[in-house]
Structure formats: structure tokens, C-alpha cells
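# Structural overview for review
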Amino acid sequence: MRVALFCHDKPDALQVRLDNRTAHLTYIEDTGVVEMAGPLLNPEGAMCGSLVILSVDSLAQAHEWAAADPYAKAGLFASVTISEWKKVIG
């Protein structure tokens, strides 16, 4: 199943994101369940969140993945929404 994670950073948390970016990208590579991902941008073009599409067996696995993400462990996110997602185009 595919699952979408919409993660919104806490205000003024860009440095937390930058400090943990390498660990986050390594985690994505090592876990092998991320189909696509990228940062959300604010009107000024600065990173302010993440959109991650996972290919997992269950919503529980998606929640476990999200909780173990170095960004989450660093307290970067103000909110995370996890939802099953169906790819239709692309």
C-alpha cells in the first residue's frame, strides 16, 4: 500500500531541519520504503515541511517509519498527517 505523510515544521525550525538533513536522507536510503519525497516550501521558497510517499504493508508500518525518522526524533514537526494514498497519475 502507498501512504502519504504530510509533515509541517514548527515555526522557525529551519536550522533543526538543516542540522538533521543528512541523517534523514540516510534513513530514507537505508529503510528502502520511500517511493518519493521532498520538502514543502513556504512562499519565500524556504523548506517548511515534508511530503513523503511510502510503500509499506500497513498503516502501522508507516506510523513506525514516521516515528523513527531523524526529523521526528529531533522534534522538527509541528504536525504529521499520515493517510493511505492511491496513485492515479504519474
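Residues numbered from 1 in each chain as written. Predicted model: local features only at pLDDT ≥ 70, side-chain atom pairs only at ≥ 80, totals over all residues. Heavy atoms only, no water.

### Things to note about the overall build of the protein
Broken down by element type, the protein carries three helices and four strands. For the protein, the α and β elements follow one another from N to C terminus as β-α-β-β-α-α-β. Computed over its C-alpha atoms, the radius of gyration of the protein comes to 13 Å, within 12% of the 12 Å expected for a compact globule of 90 residues. When its C-alpha atoms are laid out on the principal axes, the protein stretches across 35 × 25 × 20 Å. Looking at the protein as a whole, 30% of its 90 residues are labelled buried. Counting contacts in the protein only where the partners sit at least 6 residues apart, residues at least 24 apart contribute 68% of the total. (Helix = DSSP H or I, 4+ residues; strand = E, 2+ residues; numbered from the N terminus. Rg over C-alpha atoms; globule rule 2.2 N^0.38 Å. Buried < 20%, exposed > 50% of the residue type's maximum accessible area, 1.4 Å probe, protein only. Contact = heavy atoms within 4.5 Å.)

### What to know about the pattern of salt bridges
Throughout the structure, instances matching the rule amount to two salt bridges. Linking Glu35 and Arg2 is a salt bridge whose minimum nitrogen-to-oxygen distance equals 2.6 Å. Here the residue Glu35 occupies a position in strand β2 (residues 34-41), and Arg2 occupies one in strand β1 (residues 2-9), the gap between them amounting to 33 residues. Here Glu35 falls in the partly exposed class, since its relative accessible area comes to 32%. Residue class for Arg2 comes out partly exposed when judged on its relative accessible area of 28%. A salt bridge links Arg17 to Asp9; the nearest nitrogen and oxygen atoms lie 2.8 Å apart. (Salt bridge = Lys/Arg side-chain N within 4 Å of Asp/Glu carboxyl O.)

### Some words on the sheet that holds β2
With antiparallel pairing, four strands are arranged side by side in an open sheet as β2-β3-β1-β4. In this open sheet, the two edge strands, each paired with only one partner strand, are β2 and β4 (77-85). Taking each pair of neighbouring strands and ignoring which way they run, the sheet shows an average axis angle of 15 degrees. In this structure, β1 lies alongside β4, joined through eight bridges in antiparallel fashion. Within β4, the position partnered with Phe6 by the bridge is Thr81. In the packing of helix α1 (residues 14-31) onto the sheet, the strands contacted are β1, β2, β3 (47-55) and β4, and the crossing angle to β3 comes to about 15 degrees. (Pairing = 2+ DSSP bridges. Axes fitted to C-alpha atoms, helices over the stretch in contact; angles between N-to-C directions.)

### Examining the environment of Ala4
Looking at where Ala4 falls in the secondary structure, it is placed in strand β1. Spatially, the C-alpha atoms of Ala4 and Thr22 are 21 Å apart, while their sequence positions differ by 18 residues. Setting aside residues no more than four positions away along its own chain, Ala4 makes contact with Val52, Ile53, Thr81, Ile82, Ser83 and Trp85.

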